[in-house]
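Spelled out from the first residue to the last, the chains are:
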Amino acid sequence: EVTTLLKRQKNKCATCGVNFRPKDLIEVDHIIPGSKGGNDTYKNKQLLDRHCHDFKTAKDLKTVNH
């Protein structure tokens, strides 16, 4: 899964566009979260670095709770 997404994204974070390095924490993210009706297909997944994933998750939770 991660290898396929890395190839699709050309080894870059989908949010900030920075190239992933070997020691980076790379996280699989659902573009549309399950809580908003997102599914578990490759088209709805992207790779984000840890910082961008934390930021997006906080933003997604904020919109779900309001």
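It should be noted that the structure appears before, not after, this text.
Structure report, in brief. (Residues numbered from 1 in each chain as written. Predicted model: local features only at pLDDT ≥ 70, side-chain atom pairs only at ≥ 80, totals over all residues. Heavy atoms only, no water.)

With that out of the way, let us pick up the nonpolar core. Counting six residues, the largest nonpolar core is built from Leu5, Cys13, Phe20, Leu47, Leu48 and Cys52. Residues contacting cysteine 52, with those up to four places away along its chain left out, are Cys13, Thr15 and Cys16. (Core = buried A, V, L, I, M, F, W, Y, C linked by side-chain atoms within 4.5 Å. Buried < 20%, exposed > 50% of the residue type's maximum accessible area, 1.4 Å probe, protein only. Contact = heavy atoms within 4.5 Å.)

Take the environment of leucine 48 next. Inspection of the secondary structure puts leucine 48 in strand β2 (residues 45–49). On the basis of relative accessible area, leucine 48 is assigned to the buried category, the value being 0%. A sequence separation of 28 residues divides leucine 48 from phenylalanine 20, and the C-alpha atoms of the two residues are 9.0 Å apart. Look past the residues within four positions of leucine 48 in its chain and what remains in contact with it is Cys13, Ala14, Thr15, Phe20, Leu25, Ile26, Glu27, Asp29, His53 and Lys56. (Helix = DSSP H or I, 4+ residues; strand = E, 2+ residues; numbered from the N terminus.)

With that settled, consider the pattern of salt bridges. A full pass over the atoms with the stated rule returns seven salt bridges. Aspartate 24 is the salt-bridge partner of arginine 21, the closest N and O atoms lying 3.0 Å from each other. With relative accessibility at 22%, the residue aspartate 24 sits in the partly exposed group. Note that arginine 50 and aspartate 54 form a salt bridge whose closest N and O atoms lie 3.9 Å from each other. Here arginine 50 pairs with aspartate 54, and both are found in helix α2 (residues 50–65), just four residues apart, close to one helical turn. Overall, the relative accessible area of 40% leaves arginine 50 in the partly exposed class. Overall, aspartate 54 belongs to the partly exposed group, its relative accessible area being 45%. Overlapping salt bridges, with partners in common, bring together Glu1, Asp40 and Lys45 in one network. (Salt bridge = Lys/Arg side-chain N within 4 Å of Asp/Glu carboxyl O.)

This part is about the side chain of aspartate 29. By the element assignment, aspartate 29 lies in strand β1 (residues 26–30). A distance of 3.5 Å separates a polar atom in the side chain of aspartate 29 from a polar atom in the side chain of histidine 53. At 3.2 Å, the side chain of aspartate 29 forms a polar contact with the side chain of lysine 56. Those residues within four positions of aspartate 29 in sequence are excluded, and the remaining contacts are Asn44, Lys45, Gln46, Leu48, His53 and Lys56. (Polar contact = N/O pair within 3.5 Å; in protein donor to acceptor, adjacent residues only side chain to side chain.)

The values are spatial; any link to function lies outside them.
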